[in-house]
Structure formats: structure tokens, C-alpha cells
Amino acid sequence: MAGGGSGRPTAVSLFTGCGGSDAGLIEAGFDIVLANDICRYAREFYLANLPETDYKLADITTLSSFPEADLLVGCYPCQGFSEGGVRKANRGINYLYQQFDRVLRLIRPKAFIVENVQGLTRSNFRHLLNNQIIRFRLARYRVQTRLLNAADYGVPQERRRVFLVGIRSDIDAQYEFPEATHGSGEGQHPYVTIRDAIEGLPDWPEGEYCDDPFHWYYMSRNRRRGWDELSKTIVSTARHMLLHPISPTLSRVGPDCWEWTTDEPRRRFSFREASALQGLSAEAVFPDTDRMHSETAGLRMKYRVVGNAVPPPLFRAVAGTLPEIW
Ligand SMILES: C[S@@+](CC[C@H](N)C(=O)[O-])C[C@H]1O[C@@H](n2cnc3c(N)ncnc32)[C@H](O)[C@@H]1O
């Protein structure tokens, strides 16, 4: 076992964000010996909820030393190939996986886990995914990839993400991705719904949701799901946040054009509801900071870190089937 001292296997976490993936790792039995991100508010949120972690605020390209660890995890940014972002294969941000590769070769952990958006499997980005797999194989890891849906692991949300899991090639053990625990199959739990996640929270939580006008782009698709359904994918942009089911339904009136069916009041999910739909702790603390010079700026930061997070139950499931190689 590397580092630690607690007897639990250890992990270095890169592109840590507010700690969705780390919360899942901790539940799966790991100690985080180092976390890192460039986003100040992500770090503040993380430390308000998991104060014990050594979390370095820095651009990953500037860090050169890392503690030993059994596991390396990283969910590098995805703006370049996410469904909700501008899709350009040549954006520099798409190449941060090379930093993950650099740290992988420095630490040589027994295993690694990477999470990224489904867009990476599209034909115009497939070469980037292939390049990652090749690099990690050249670093002498046996790599497996799988597209997983968070809903299948008890998250009340359809969120499809690509996972890459590697085991160091000198270790005689195989990785198996976890079976879906939720769904309509035999022996599975029913999907967790929006109602299960947020019923009972205040209907109109003042100051906790974005109340910008619903502009034409917002109305270009149906952003509402009912109480007893899974949520669509939670995004990180305040203005594009999905509708709370208290809002009226929408009907399609033309290509990329939807309208409200009644004049009832409507609103987006609050950042706290979005957090619950991401499977983050219901008690998560959202610190306010000096840099929140306006309510809007604060809301934007809170929505962003929540929308960027990996749902802890999903990460826990993926880490939970790692072989006992520590
Ligand atoms: C998809 S999010 C990670 C989410 C996180 N794993 C979680 O579960 O909460 C990607 C993160 O990469 C961070 N990031 C982007 N560029 C970076 C850089 N150059 N160095 C360090 N972190 C960076 C972003 O701030 C963002 O928090």
C-alpha cells in the first residue's frame, strides 16, 4: 500500500473540481492524499465539505511533484467535446489528458480511473480517445473503456460518461466494470426519480436558482421532465439549467422551438436541487466567498461546480469493482 498510513488504499486526484468523484472514491474505501484543480471555488466547496484533504490550487501544468499512491484518478475537462459546449477537436483544453499521462508515468500507481463525456466517442473525437488509450498502454497499463449511464447506478439522472480504467501490466488482476444496479431488469432496483431526490425541498428557494429570462435558445428544446422521471443531464451553465417539474409542460411548435402550455409560474432547478440530482450529499455546504460580488456571480459558480461533478454513486460503483491489489 502506498503512502497513507490509515491502512486504506490511497489515491491522487487530478481535475478534482468540487469533489464528486472523490466523494465516491472515499465511499469506496480510498484515502485522497492529494487533490488538485485550477478553480478556486471548486476548492473552497471541496474543503467546506471534506476539510482533511491536501488540495492544491494550481494549473496542473505547473505541478511537478506528487505523493505516492495506489490509484490515480482524473476527469479532465470536456468543453471541447461535450454535448453542451462548442465542439472543436483542436482546442488546447482537449489535450489535458497528456498531463494525466505525465503524472501517471511519474507516480506509477497500481491502477487509474478516468472519466469523460460521451462526446469523446463521436467520430470526430474518437482519435483523441484512441490516443489516450495508446498512451496509457505505452505507459504499461492494461486499459478498458466503457460508456456508463449514471442512472444505472442509482443517480436520478441520465448522464452517459466514458470511463477508462487501467491496471498496471505487471499486476496479475483483471478489472470488470460494475453491473447496473438500477433499471427494469430482474433483481435491479427501480430507477431513482426526480421526486425521490428533491421532493420536500422548498418550492421557491429564493436566491438559489437562476431566474434569467428563458431566451430563444433555452426554448429550442424540451428542458423539462416530470416528477416521476429521471432527470436529463445536469449541465454546468446557470442559464441552461433544466426546469423544475413545478413548471408547466412544454410543447413543440416547430423545429427547435418549444412553448409553455400554460402561464403557470416556472423556474430552473436550484443549485441545491441540481446537486441532489447529481447524487452529491444532501447536506453539501455551499460556501459564500468574497469574490461573489453579486448574487448572479455566486449562483454561476455554484451551478458550475455542481454541473461539472461526477456523480459520487457512479464513481463509487466504478472504483468499487477494482480488484484487491493494494
Ligand atoms: C469535469 S471537471 C472535474 C469534476 C470533478 N472530478 C468532480 O467530480 O467534481 C474538470 C475540472 O478540470 C479543471 N481544470 C481545467 N483546466 C485545468 C488545469 N489546467 N489544471 C488543473 N485543473 C484544471 C476544471 O477547473 C474542472 O474543475
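Cut-offs applied
Residues numbered from 1 in each chain as written. Predicted model: local features only at pLDDT ≥ 70, side-chain atom pairs only at ≥ 80, totals over all residues. Heavy atoms only, no water. Near = heavy atom within 4 Å. Polar contact = N/O pair within 3.5 Å; in protein donor to acceptor, adjacent residues only side chain to side chain. Helix = DSSP H or I, 4+ residues; strand = E, 2+ residues; numbered from the N terminus. Nonpolar A, V, L, I, M, F, W, Y, C, P; charged D, E, K, R; others polar. Domains from an automatic or database assignment. Contact = heavy atoms within 4.5 Å. Buried area = accessible area lost by both parts, 1.4 Å probe. Salt bridge = Lys/Arg side-chain N within 4 Å of Asp/Glu carboxyl O. Axes fitted to C-alpha atoms, helices over the stretch in contact; angles between N-to-C directions. Parallel < 35°, antiparallel > 145°, perpendicular 65-115°, else oblique. Buried < 20%, exposed > 50% of the residue type's maximum accessible area, 1.4 Å probe, protein only. Pairing = 2+ DSSP bridges. Phe/Tyr/Trp six-rings, centres within 6.5 Å; stacked < 30°, edge-to-face > 60°. Lys NZ or Arg CZ within 6 Å of the ring centre and 35° of its normal. Left-handed = near helix turned anticlockwise from the far one by under 90°.

(A) Structural context of the site of the ligand. The ligand sits among 20 residues. The nearest are S21, D37, D59, I60 and V310. Here an oxygen atom of the ligand sits 2.9 Å away from a polar atom, N or O, in the main chain of S21. One of the backbone nitrogen or oxygen atoms of I60 is found 2.9 Å away from a nitrogen atom of the ligand. At the level of elements, α1 (20-27) and β2 (31-37) are the ones that each hand at least two residues to the shell around the ligand. In the shell around the ligand, the residues fall into eleven nonpolar, seven polar and two charged.

(B) Spotlight on the domain arrangement of the protein. Each assigned domain of the protein is listed with its residue range as follows: domain 1 (10-183 + 309-320) and domain 2 (194-308). Counting from both sides, the interface comprises 22 residues of domain 1 and, opposite them, 27 residues of domain 2. Summed over both sides, the interface of domain 1 with domain 2 buries roughly 1,900 Å², with 59% coming from carbon and sulfur. The largest share of the area that domain 1 buries against domain 2 comes from Y41, P156 and E158, three residues that together contribute 34% of it. Counting the contacts that link domain 1 with domain 2 gives one salt bridge. A salt bridge links E158 to R225, with the shortest nitrogen-to-oxygen separation between them at 3.6 Å. On the surface where domain 1 and domain 2 come into contact, there are 14 residue pairs in polar contact (both at pLDDT 80 or more). Listed by contribution, the elements that provide at least two residues to the side of domain 1 that touches domain 2 are α2 (40-49) and α8 (312-320).

(C) Examining the packing of helix α3 (residues 97-107) against helix α4 (residues 126-138) more closely. The N-to-C vectors of α3 and α4 enclose an angle of 10°; their axes lie 10 Å apart at closest approach. In terms of orientation, α3 and α4 fall into the roughly parallel class. Contacts between α3 and α4 involve Y97, Q98, F100, D101, L104 and R105 on the former and, on the latter, L128, N131, Q132, R135, F136 and L138. When the residues that make up the contact of α3 with α4 are grouped by side-chain class, the tally is six nonpolar, three polar and three charged.

(D) Unusual backbone geometry, seen in detail. The phi torsion at F15 lies on the positive side, around 50°, for a residue other than glycine. For F15, a relative accessible area of 13% puts it in the buried group. Of note, the phi angle at D256 is positive, near 55°, even though the residue is not glycine. If you trace the backbone, D256 turns up in the loop between β8 (250-254) and β9 (257-260).

(E) Region of the structure containing the sheet that holds strand β1 (residues 10-14). Ordered by their spatial adjacency, seven strands build an open sheet running β3-β2-β1-β4-β5-β7-β6, and the pairing between neighbours is mixed. Of all strands in the sheet, those with a lone pairing partner are β3 (55-57) and β6 (141-149), marking the two edges. Across the sheet, the mean angle separating the axes of adjacent strands is 15° when strand polarity is ignored. When β1 meets β2, the two strands line up parallel, connected through four bridges. Looking at the pairing, A11 lines up with I32 of β2.

(F) Structural context of the packing of aromatic side chains. All chains considered together, the criterion is met by 19 aromatic pairs. Where F112 meets Y141, the ring centres are 5.4 Å apart and the plane angle is 70°; that geometry is what we call edge-to-face. Of this pair, F112 sits in strand β5 (residues 111-117) while Y141 sits in strand β6; the two residues are 29 residues apart in sequence, bridging distant segments of the chain. In this structure, F112 and Y141 share a single accessibility class: buried. Ring geometry for F271 versus Y303: centroids 6.5 Å apart, planes at 85°, classification edge-to-face. Of this pair, F271 sits in helix α6 (residues 271-277) while Y303 sits in helix α7 (residues 295-308); the two residues are 32 residues apart in sequence, bridging distant segments of the chain. Overall, the relative accessible area of 3% leaves F271 in the buried class. Following the ring pairs from residue to residue traces out a cluster consisting of F15, Y76, Y95, Y97, F100, F112, F136 and Y141. Over the ring of Y218 we find R223, and its NZ or CZ is 4.7 Å from the ring centre.

(G) Structural view of the environment of T62. By the secondary structure assignment, T62 is in the loop between β3 and β4 (71-74). Residue classification places T62 among the exposed residues on the basis of a relative accessible area of 55%. A C-alpha to C-alpha distance of 30 Å links T62 and A28, two positions 34 residues apart in sequence.

(H) Examining the packing of α1 against α8 more closely. It is the contact of α1 with α8, at a shortest axis distance of 7 Å, that shows an interaxial angle of 45°. Here α8 runs oblique to α1, going by the angle between their axes. Crossing of α1 over α8 shows right-handed handedness. Between α1 and α8, the residues in contact are G20, S21, A23, G24, L25 and E27 and P312, F315, R316 and A319, respectively.

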